[in-house]
Amino acid sequence: MEQRSIDYVPLAERHGKVWHLWPVWFSGDAHLATVATGVVGIALGGSFAWMALAVILGCAFGTFFMAFHSTQGPQLGLPQMIQSRPQFGYFGALLVWGVALIAYIGFNAFNQILAAQTAHTLYGFDSKRTIMLGFTLVSLILAVVGYDLIHVAQRWTAYILIAALILFTGAVAVRAPLSPALLAWGEFPTVSFLAQFFAAASYQMSWSMYVSDYSRYLPRSVGASASFWWTYVGAIIGGAWTMLVGTVAAALYPKTELATALAGVADGAIPGFGKPLLLCFLLGLVTVTALNFYGASLTLLSVIDSLRSGRPTLMKRMTTLLFAAIAATAIAIAASEDFVEQFGAFLAVLLYLFTPWTAINLVDFYWVRRGHYSVREIFNAHGMYGRWNWRGLMAYGVGFVTMIPFFSTPLYTGPIAAALGGADIAMLVGLPVSAAVYIVACRSLDTDQDRRLASAADIGLDPDAPQSGS
């Protein structure tokens, strides 16, 4: 059972291989919630051909940012969210941690709804609460044991899912080909294309908030390029492939509940394959829910550490896991039946909230401080990073406010989005604005002095590290 949580992973304890990252993120994407993401554009009336292109391009775009966050883990040996303190301050980081908690708990609530729907489709179970509780319990066991078991589970899940996806894709292509009318491009559907593109992009980008949680035990000698590409390849293949399964199912069964539609497509291609395919995707949903609970626990522990500093014990980690599970289950039980529409709206909100943070965190790591941070000062409430960092907070605020006129959701449509017919391009505005504001604000930061202070503070941090640094 993993003993560490938000604390630094010493070099002497680093282990694993960089290729282990691809199955984590392939399996992280190959499950029912990802299938649902591929339905968003079709649900808005988009054609299959354009929505398939939107899925691929959106995944390619969003995964780009997520994979750059992954390279931070081996360099810092820290979970992703705690790394926000240098940009936002010891207490200022609570802002982004609150956003992360909303994402973790929200995703797991949707995952539980999907699990209940799938169990009903497979076996006719009508006890939604019982299914949700059993599903959550299995996921919690993985999260409690922690990092190494999650990696092993993701590897085996990846092998099973790859076999299932190859069989499904080949059978659909040969035995249930899409009609020429369905494959026709037709007029470019601006609103539905952009909705699907940014749904896919924000879904992939949402991994950014905890992607380095699963690379932080790797040796520091792991290169940035290797960790980037192993993460990118696993996530984009798993994400795009699985979303396209949803796009196909929605195009062929546009008025049918997701799990039933997916089973129908699979049975049409290979009689009797619908239930096994759903079980494979349900397995992926169990493991990714464990990832979300694990990330929620680390984020809650970071919040607790800010409010009352203390050693992050195993008991604290288990308590935070239980809190996250209760919150997600309560939301899932109370949710309405209009799942796809809610899921699309939830992805849009995530996109808005995480876009400024992603820009600021990456610019700080790769441009401003260039990976030079003090681990000890990150945990020092009175340290060099301050309690409130006006640079990061201002850049986040300006970036978010700038995006508001471009918002397009069921709850609010900004004036520019309305003028564009409901098209949502907020991410394309928020990313460069947040990055530019932060870069300008950091011109007053003495980065040479910052680097010297960080190096001095971490002298003796790894007294037991091997001489090779790995």
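All values derive from a computational prediction rather than experimental measurement.

Chemist: If you had to explain the overall build of the protein chain to someone new, which residues and values would you point to?
Modeler: Regarding its fold elements, the protein chain presents 21 helices and 0 strands. Over its C-alpha atoms the protein chain spans a radius of gyration of 22 Å, differing by no more than 12% from the 23 Å that the globule rule assigns to 470 residues. For the protein chain, the spread of C-alpha atoms along the three principal axes comes to 65 × 50 × 40 Å. A total of 470 residues make up the protein chain; the buried ones form 59% of that total. Within the protein chain, counting contacts between residues at least 6 apart in sequence, those at least 24 apart form 87% of the total. Surface summary for the protein chain: the accessible area is close to 17800 Å², and the carbon and sulfur share equals 69%. Put simply, the protein chain has 24 plus and 23 minus side-chain charges, and the middle of one group is 6 Å from the middle of the other.

Chemist: Could you give me a rundown of the pattern of salt bridges, with the residues and numbers involved?
Modeler: For the structure on display, the rule yields 6 salt bridges. Of the charged contacts in the structure, one is a salt bridge between Arg4 and Glu13, with a shortest N-O distance of 2.7 Å. A salt bridge links Asp305 to Arg85, with the nearest nitrogen and oxygen atoms 3.0 Å apart. A residue pair is termed long-range when its members are at least 10 positions apart, and Asp305 in helix H14 (residues 274-307) and Arg85 in helix H6 (residues 85-88) qualify at 220 residues. Here the two residues Asp305 and Arg85 agree in accessibility, since each one is buried. A cluster of three or more residues bridged by salt bridges with shared partners is formed by Arg4, Asp7 and Glu13.

Chemist: Describe the environment of Leu278, with residues and values.
Modeler: Here Leu278 is to be found in helix H14. Linking Leu278 and Thr118, residues 160 residues apart in sequence, is a C-alpha distance of 7.0 Å. Among all residues touching Leu278, those that are not within four sequence positions of it are Leu32, Thr118, Thr121, Leu122, Ala259, Leu262 and Ala263.

Chemist: Help me get a handle on the side chain of Arg391, residues and values and all.
Modeler: Inspection of the secondary structure assignment puts Arg391 in helix H18 (residues 390-403). The buried charged residue Arg391 lacks any salt bridge, with Asp450 as its nearest oppositely charged partner at 7.7 Å. In terms of polar contacts, Arg391 uses its side chain to reach the side chain of Ser444, at 3.0 Å. Residues contacting Arg391, with those up to four places away along its chain left out, are Tyr438, Ala441, Cys442, Ser444 and Leu445.

Chemist: Give a detailed account of unusual backbone geometry, specifying residues and quantitative values.
Modeler: Positive phi, normally seen in glycine, also occurs at Arg370, with a value near 50°. For Arg370, the position within the fold is in the loop between helix H16 (339-368) and helix H17 (375-378).

Chemist: Which residues make up the environment of Leu21, and what are the values?
Modeler: As for its placement among the helices and strands, Leu21 is situated in helix H1 (residues 21-29). The class of Leu21 is buried, set by a relative accessible area of 1%. In this structure the C-alpha to C-alpha distance between Leu21 and Phe228, which are 207 residues apart in sequence, comes to 9.3 Å. Residues in contact with Leu21, not counting those within four places in the same chain, are Ser70, Tyr214, Ser215, Leu218, Ser227, Trp230 and Thr231.

Chemist: Just give me the short version of the side chain of Ser202, but keep the residues and values in it.
Modeler: Among the structural elements, Ser202 can be located in helix H11 (residues 190-205). Among the polar contacts listed, one links the side chain of Ser202 to the backbone oxygen of Ala199, at a separation of 3.2 Å.

Chemist: Which residues make up the packing of helix H9 (residues 147-175) against helix H13 (residues 258-269), and what values do they have?
Modeler: It is at 8 Å that the axes of H9 and H13 come closest, and there the two elements cross at 65°. With respect to their mutual orientation, H9 and H13 come out roughly perpendicular. Regarding H9 and H13, the two cross each other, and that crossing is left-handed. Residue-level contacts link Phe168, Ala171, Val172 and Arg175 of H9 to Val265, Ala266 and Ala269 of H13. Considering only residue class, the contact of H9 with H13 consists of 6 nonpolar, no polar and 1 charged.

Parameters and conventions
Residues numbered from 1 in each chain as written. Predicted model: local features only at pLDDT ≥ 70, side-chain atom pairs only at ≥ 80, totals over all residues. Heavy atoms only, no water. Helix = DSSP H or I, 4+ residues; strand = E, 2+ residues; numbered from the N terminus. Rg over C-alpha atoms; globule rule 2.2 N^0.38 Å. Buried < 20%, exposed > 50% of the residue type's maximum accessible area, 1.4 Å probe, protein only. Contact = heavy atoms within 4.5 Å. Areas by Shrake-Rupley, 256 points an atom, 1.4 Å probe, with all protein chains shown as cover. Lys, Arg positive; Asp, Glu negative; His and termini not counted. Charge placed at Lys NZ, Arg CZ, Asp CG, Glu CD. Salt bridge = Lys/Arg side-chain N within 4 Å of Asp/Glu carboxyl O. Polar contact = N/O pair within 3.5 Å; in protein donor to acceptor, adjacent residues only side chain to side chain. Axes fitted to C-alpha atoms, helices over the stretch in contact; angles between N-to-C directions. Parallel < 35°, antiparallel > 145°, perpendicular 65-115°, else oblique. Left-handed = near helix turned anticlockwise from the far one by under 90°. Nonpolar A, V, L, I, M, F, W, Y, C, P; charged D, E, K, R; others polar.

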